[in-house]
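Chain by chain, the residues:
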Amino acid sequence: MSLLVVGLSHRSAPVSVLERASLAADAQAKLLQDTLAAEPATEAAVLATCNRIELYADVDKFHAGVAELSTLLAQHSGVGLEELTPYLYVHYEDRAVHHLFSVACGLDSMVVGEGQILGQIKDALARGQELHTAGRLLNDLFQQALRVGKRAHSETGIDRAGQSLVSFGLQQLAAGADPALWAGGKRALVIGAGSMSSLAAATLARTGVAEIVVANRTRARADRLVEILQQGDDTAVRARAVEMSAVGDELTRADIVVSCTGSTGLVLTADALADALGVSLDAAPEAPTVTAAAPAPDDVDQHAAWVENGSAASAAHAGPATPRRVTVPAQSTGPVRLALLDLAMPRDIDGAAQRIAGVRLVDIESLAEASADAPMAADVDRVRTIVSDEVAAFGAAQRAAHVAPTVVALRTMAADVVAGEIARLDGRLPDLDEKQRAEITQTVRRVVDKLLHAPTVRVKQLASEPGGAGYADALRELFDLDPQTVAAVSRADLNDPNRGRS
């Protein structure tokens, strides 16, 4: 196993960089295909969410793999390699497994403990399977990550430690008030009908809003979301769908707007919002500019090390750290007439909307800042223990799987030897009856099986231990097994249509 992950997230990069580096679905597909075409990689999967972009690959060369994956991320994200590099982190082999399992459990999420990441990991696996870029290692890894995440949520109270971005965003919009009391009776406009928008609509319905209007570029998807909302037994919300062209009119009636589309440009400009409210942009002072140092580069081995508090090191091949300038728009004051929640990456809503009188805007960047001080439940420690145990078990299973094709090839060779010797016996003793021949054949097979039993069982046990991968090589060398035969067994196992199904 030579698992490598190169990525960036809300822990290592500012939202402005994440926003520019975001990958649309077609860009993710092209990234996977180009990764597989690169020399160091034989498998690839990409996990892209609103606050992380990670490229997983099975590589045969570590340093070449880091360089290649970093370059590919830069090329497909549109952010120059020199600019992107200081924000990248690298994890390798067991540390890469530890990272993904932690992500699956919500330990590395912007809101610790949120469960939506499991659906995103499932989507990443499905994409790799559909494009045939996820092979044995990544199929096993992502399937196990899903199981570990589900185990963490079922066996601990990690759900109490966090919540979905939607719930957390509504909490921030409520500004300390009870979100249910704050949202009760209000009218909400949801822009988009994807998974995040659907979650937002369902959360708003449970929170107690009086009406939800769904706008989407594909009207059929908006209609479907409205149908689902109206079928819910636990809510009595009114819901209707509109075309995207009707968003301007709906803004004049809405109290809450949640937007999460796949658009690469702004969906709601500050001017459009000001027009809907019948006001003009405040002549607020120009937004302050803050200078902050980018993360300093580190040694590549330290870079790959897992930090328990979830902070990420920057890539080893980074150049000198350069300051970055962050513009923070001034927030308007006074009564809130329109509450905006932007969950898109890149953003859907113009940041200048914060300067409009009566508007409150919460976006990914402000959520990241708010969640930095969020308390963590005691169950987090239990989840970390689960992750560590599962990483050890996954490593042992992978090492045992590595020796299995060699054991199968050895037994196949032994069976061929037995068959050859029985054929020779038939030639020398042609008068043997069927009963005698069967007894001799069974005796020879029992002898071979007994001779092979102890070494094959023992080699599987040894191979499951750290550093045990070399036992498969020793077995091939001792019995002069044909490497092509071993490879054929591996391919047959990999092509098993029932493999990896859960």
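The shown structure was predicted, so the numbers you read here are calculated from the model rather than taken from an experiment.

A. Spatial organisation of the environment of Ile117. Within the secondary structure, Ile117 is located in helix α6 (residues 116–130). Taking the relative accessible area as the measure of exposure, Ile117 reaches 2% and is therefore buried. When the C-alpha positions of Ile117 and Cys105 are compared, they lie 8.1 Å apart, and in sequence the two are 12 residues distant. Leaving out residues up to four positions away in the same chain, Ile117 has contacts with Thr49, Val103, Ala104, Gly106 and Ser109.

B. Looking closely at the packing of aromatic side chains. For the structure on display, the rule yields three aromatic pairs. The interplanar angle of 80 degrees and the centroid separation of 5.4 Å between the aromatic rings of Tyr56 and Phe142 together place this pair among those described as edge-to-face. Taken as a pair, Tyr56 in strand β3 (residues 52–59) and Phe142 in helix α7 (residues 136–155) lie far apart in primary sequence, 86 residues in all. Comparing Tyr56 with Phe142 shows no difference in burial state: the two are buried. Measuring from ring centre to ring centre gives 4.6 Å for Phe62 and Tyr92, while their planes differ by 55 degrees; the resulting arrangement is tilted.

C. Local environment of the sheet that holds β3. Spatially, the four strands line up as an open sheet ordered β2-β3-β1-β4, and their pairing is antiparallel. The open sheet has two edge strands with one neighbour each: β2 (41–49) and β4 (89–92). When the angles between neighbouring strand axes are averaged without regard to direction, this sheet yields 15 degrees. Pairing of strand β1 (residues 3–9) with β4 involves four bridges; the strand directions are antiparallel.

D. Quick look at the environment of Val407. Note on placement: Val407 falls in helix α17 (residues 379–428). Val407 sits 53 residues away from Lys460 along the chain, and the two C-alpha atoms are 8.4 Å apart. Setting aside its immediate chain neighbours within four residues, Val407 contacts Thr456, Val459, Lys460 and Leu475.

E. Spotlight on helix α11 (residues 195–207). The end-to-end C-alpha separation of α11 is 18 Å, in line with the 18 Å expected for 13 residues at 1.5 Å each. Positioned one or two residues after α11, Gly208 has a phi angle of 110 degrees, which is positive.

F. Representation of the pattern of salt bridges. In total, this model carries 22 salt bridges according to the counting rule given. Here Arg187 and Glu211 are joined by a salt bridge, their closest N and O atoms 3.9 Å apart. Note that Arg187 is positioned in strand β5 (residues 187–191) and Glu211 in strand β6 (residues 211–215), a separation of 24 residues in sequence. For Arg187, a relative accessible area of 38% puts it in the partly exposed group.

G. Representation of the nonpolar core within the structure. Counting 71 residues, the largest nonpolar core has Leu165, Leu204, Ile212 and Leu343 as the members making the most contacts within it. Sequence-distant contacts of Leu343, defined by excluding residues within four places in its chain, comprise Cys50, Leu165, Val166, Met196, Val258, Ser259, Cys260, Ile364 and Leu367. Residues Ala134, Ala145, Ala152 and Ile158 belong to the second largest nonpolar core, which totals 35 residues.

Cut-off values and rules
- The numbers attached to residues start from 1 for each chain and follow its sequence in the written order.
- The model is predicted, so local features are restricted to residues of pLDDT at least 70 and side-chain atom pairs to those at 80 or more, both for listing and for counting; the totals for chains, interfaces and linings are taken over all residues.
- Side-chain measures were taken over the full set of non-hydrogen atoms in the model, leaving aside hydrogen atoms and water.
- Labels follow the DSSP assignment, with helices taken as runs of H or I lasting at least four residues and strands as runs of E lasting at least two, numbered in each case from the N terminus.
- Relative accessibility under 20% of the residue-type maximum defines a buried residue, over 50% an exposed one, and the middle range a partly exposed one, all with a 1.4 Å probe and only protein chains included.
- Two residues qualify as a contact provided that any one of their heavy atoms is within 4.5 Å of a heavy atom in the partner residue.
- When the centres of two rings from Phe, Tyr and Trp lie within 6.5 Å, Trp using its six-membered ring, the rings pair. Their planes under 30 degrees apart give stacked, over 60 give edge-to-face, and anything left gives tilted.
- The pairing criterion is simple: DSSP has to find at least two bridges between the two strands.
- For helices, the axis comes from a line fit to the C-alpha atoms of the stretch in contact; other axes are also lines fit to C-alpha atoms, and the angle between any two N-to-C directions lies between 0 and 180 degrees.
- Expected span of a helix: the number of residues minus one, times 1.5 Å.
- Salt-bridge detection follows one rule: a side-chain nitrogen of Lys or Arg within 4 Å of a carboxyl oxygen of Asp or Glu.
- By convention a nonpolar core is built from buried Ala, Val, Leu, Ile, Met, Phe, Trp, Tyr and Cys residues, the set being connected through side-chain atoms within 4.5 Å.

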